[in-house]
Protein chains: 2
Amino acid sequence: MRRNFSTKRQAIYDMLVSRKDHPSAKQIYESLKPSYPDLSLGTVYRNISLFKQEGMADSVCTLKGEERLDGNKKPHAHLICTECGSITDVFFDRLDVIEDKGEMEGFLTERKVISFYGKCRNCR
Amino acid sequence: MRRNFSTKRQAIYDMLVSRKDHPSAKQIYESLKPSYPDLSLGTVYRNISLFKQEGMADSVCTLKGEERLDGNKKPHAHLICTECGSITDVFFDRLDVIEDKGEMEGFLTERKVISFYGKCRNCR
DNA sequence: CTCCAAATTAATAATCATTATCAATTTGCC
DNA sequence: GGCAAATTGATAATGATTATTAATTTGGAG
């Protein structure tokens, strides 16, 4: 079986896609550490950087100094709790409502971001 | 004449409100340094932090490791160039289209963010 | 299966934005 | 002017991210 990704790279990517809480590099590192005891934090950063470059993952926001990531490429918005740092997906029917505006002023839109910052149910 | 803000604090705030390019702390510091030779970078950070806390300014995004700020409280979106870091305001007529979704799941929305990431006219 | 060059990684140090500290200065008010 | 509280400058500390480099892993060829 041919594998395009190294073991570690695949594990990091899977974590990015399967987790719904939009983890930071450190959170991914800590999740994988038990299964990959020799994993290095630098490897997590390096691969995240690669995924972003390749358009396989996006930055959601930076909370408390940590960049939070998203491996889900299906268009959606986020509810971001500034208290506890939880991030929840919101799927719109009409995300396209704001489509046009990006093309103004000769700007080439590559990614559209809609986020709601506030307090989640537990923190409000 | 009563002044609520110290001289430096006022200058930092004015910079945040008048500049349309959403500067980082360092950029504000460098802009003010000629007029205030004894200004300290720590003071800029300290006051930005205060303004955010008081809801007088918001974080737009983090580009190349630097948080970019906005002192304009009028609802608007941003065109963010990931190449050169330029940020342009976009004013919507119907920013309210996406209003409802934030209140889902018991979430209390305090701030709504719409951003378009891509390449500006010069960089595309 | 073995060998090899290229890709990837672990470990570590270096960077760099941001925050904390604290003594000195400034501020508003009497 | 004088004083207590707020603010600041200078500096050190923190902490996330990036760079470096030698060692390891990878996939393909023989």
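Residues numbered from 1 in each chain as written. Chains lettered and ligands numbered in written order. Predicted model: local features only at pLDDT ≥ 70, side-chain atom pairs only at ≥ 80, totals over all residues. Heavy atoms only, no water.

> How do you make sense of the overall build of chain A when you look at a structure like this?
Helix and strand counts for chain A come out as 3 helices and 5 strands. Listing each helix as α and each strand as β along chain A from the N terminus yields α-α-α-β-β-β-β-β. Pairs at least 24 apart in sequence give 45% of the contacts found in chain A among residues at least 6 apart. (Helix = DSSP H or I, 4+ residues; strand = E, 2+ residues; numbered from the N terminus. Contact = heavy atoms within 4.5 Å.)

> Where do I start with the sheet that holds strand β5 (residues 108–119) of chain B in this structure?
Taken in spatial order, the 6 strands make up an open sheet running β4(A)-β3(A)-β5(A)-β5(B)-β3(B)-β4(B), and their pairing is mixed. Edge strands, defined here as strands with exactly one partner in the open sheet, are β4 (87–90) of chain A together with β4 (87–90) of chain B. If you compare each strand with its neighbour and ignore which way they point, the axes differ by 25 degrees on average. (Pairing = 2+ DSSP bridges. Axes fitted to C-alpha atoms, helices over the stretch in contact; angles between N-to-C directions.)

> Just to check I follow, could you spell out empty space enclosed by the protein for this structure?
A water-sized probe, rolled over the atoms, reveals where empty space remains. Residue and element names in this part refer to chain B. In this structure the tally under the stated criterion is 1 cavity of 30 Å³ or more. Volume-wise, the largest cavity comes out at about 30 Å³. In terms of lining residues, the largest cavity is bounded by Arg 19, Lys 20, His 22, Asp 70, Asn 72 and Asp 89. By residue class, the composition of the lining of the largest cavity is no nonpolar, 2 polar and 4 charged. (1 Å grid on protein atoms, 1.4 Å probe; cavity = no way out; pocket = protein on both sides within 12 Å on 5 of 7 lines; lining within 4 Å. Points joined across faces, edges and corners; volume = space filled by probe spheres on them. Nonpolar A, V, L, I, M, F, W, Y, C, P; charged D, E, K, R; others polar.)

> So what exactly am I meant to see when it comes to the relation of the copies chain A and chain B here?
In summary, the two copies of the chain are related to each other by a rotation about an axis coupled with a shift along it. With an RMSD of 0.0 Å, the operation that places chain A on chain B is a rotation of 180 degrees combined with a shift of 0.0 Å along the axis. What the superposition gives is, in effect, a two-fold axis relating one chain to the other. No C-alpha of chain A approaches the rotation axis more nearly than that of Ile114(A), which lies at 2.3 Å. (Least-squares fit on C-alpha atoms with pLDDT ≥ 70 in both.)

> What exactly am I supposed to notice about the packing of helix α1 (residues 7–18) of chain A against helix α2 (residues 25–32) of chain A here?
A packed helix pair is summarised by two numbers, namely the angle formed by the two axes and the spacing between the axes. Residues and elements named next belong to chain A. The geometry of α1 relative to α2 is characterised by a closest axis approach of 10 Å and an angle of 115 degrees between their N-to-C directions. In terms of crossing hand, the pair formed by α1 and α2 is right-handed. Contacts between α1 and α2 involve Ala 11, Ile 12, Met 15 and Leu 16 from the former and Ile 28, Ser 31 and Leu 32 from the latter. Residues belonging to the contact of α1 with α2 are distributed by class as follows: 6 nonpolar, 1 polar and no charged. (Left-handed = near helix turned anticlockwise from the far one by under 90°.)

> Whenever I open this one, the pattern of salt bridges confuses me. Can you help?
Note on pairing: side chains with opposite charge can pair once their charged atoms come close. Scanning the entire structure with this criterion turns up 14 salt bridges over all chains. A salt bridge links Glu110(A) to Lys119(B); the nearest nitrogen and oxygen atoms lie 3.3 Å apart. Taken together, the positions of Glu110(A) in strand β5 (residues 108–119) and Lys119(B) in strand β5 put the pair across two chains. Between Lys73(B) and Asp58(B) there is a salt bridge, with its nearest N and O atoms 2.8 Å apart. Here the residue Lys73(B) occupies a position in the loop between β2 (66–70) and β3 (77–81), and Asp58(B) occupies one in strand β1 (residues 58–63), the gap between them amounting to 15 residues. Shared partners join several salt bridges into a network, and the residues in it are Asp58(A), Lys73(A) and Arg111(A). (Salt bridge = Lys/Arg side-chain N within 4 Å of Asp/Glu carboxyl O.)

> Sorry if this is basic, but what is going on with the pairing of β1(B) here?
The side chains of a regular strand alternate between both faces of the sheet. Across the 6 residues of β1(B), 5 count as buried, placing the element largely inside the fold. Between the end of β1(B) and the start of β2(B), which pair antiparallel, lie 2 residues, with Lys64(B) showing a positive phi angle near 50 degrees. (Buried < 20%, exposed > 50% of the residue type's maximum accessible area, 1.4 Å probe, protein only.)

> Even after reading the chapter, I still don't get helix α1 (residues 7–18) of chain B, so can you show me in this structure?
Residue pairs spaced three or four apart in an α-helix point in one direction, given the helix's 3.6 residues per turn. Between its terminal C-alpha atoms α1(B) stretches 16 Å, which fits the 16 Å expected from 12 residues at 1.5 Å a residue. As for α1(B), its buried residues are in contact with α2 (25–32), α3 (41–53) and β2 of chain B. (Expected span 1.5 Å × (residues − 1).)

> Any chance you could explain the environment of Ala57(B) here in plain terms?
Residues and elements named next belong to chain B. Residue placement: Ala 57 occurs in the loop between α3 and β1. For Ala 57, a relative accessible area of 2% gives the class buried. Considered as a pair, Ala 57 and Gly 71 are 14 residues apart in the sequence and their alpha carbons are 4.4 Å apart. Those residues in contact with Ala 57 that lie beyond four places of it in its chain are Leu 16, Phe 51, Lys 52, Asp 70 and Gly 71.

> How should I be thinking about the interface of chain A and chain B in this particular structure?
Interfaces are often described in size by the accessible area the parts lose on coming together. Each partner contributes residues to the interface: chain A has 35 residues there, and chain B has 35 residues. Summed over both partners, the interface of chain A with chain B comes to about 3100 Å²; 62% of that surface belongs to carbon and sulfur atoms. For the pair chain A and chain B, the number of links is 2 salt bridges. At the boundary of chain A with chain B, the tally comes to 13 residue pairs in polar contact (both at pLDDT 80 or more). When contributions to the side of chain A that touches chain B are tallied by element, the ones reaching two or more residues are β3 (77–81), β4 and β5 of chain A. At 12 residues, the largest contribution of residues to the side of chain A that touches chain B is made by β5(A). Within the side of chain A that touches chain B, the residues separate by chemical class into 16 nonpolar, 8 polar and 11 charged. Here β5(A) runs beside β5(B); their pairing, made up of 11 bridges, is antiparallel. (Buried area = accessible area lost by both parts, 1.4 Å probe. Polar contact = N/O pair within 3.5 Å; in protein donor to acceptor, adjacent residues only side chain to side chain.)

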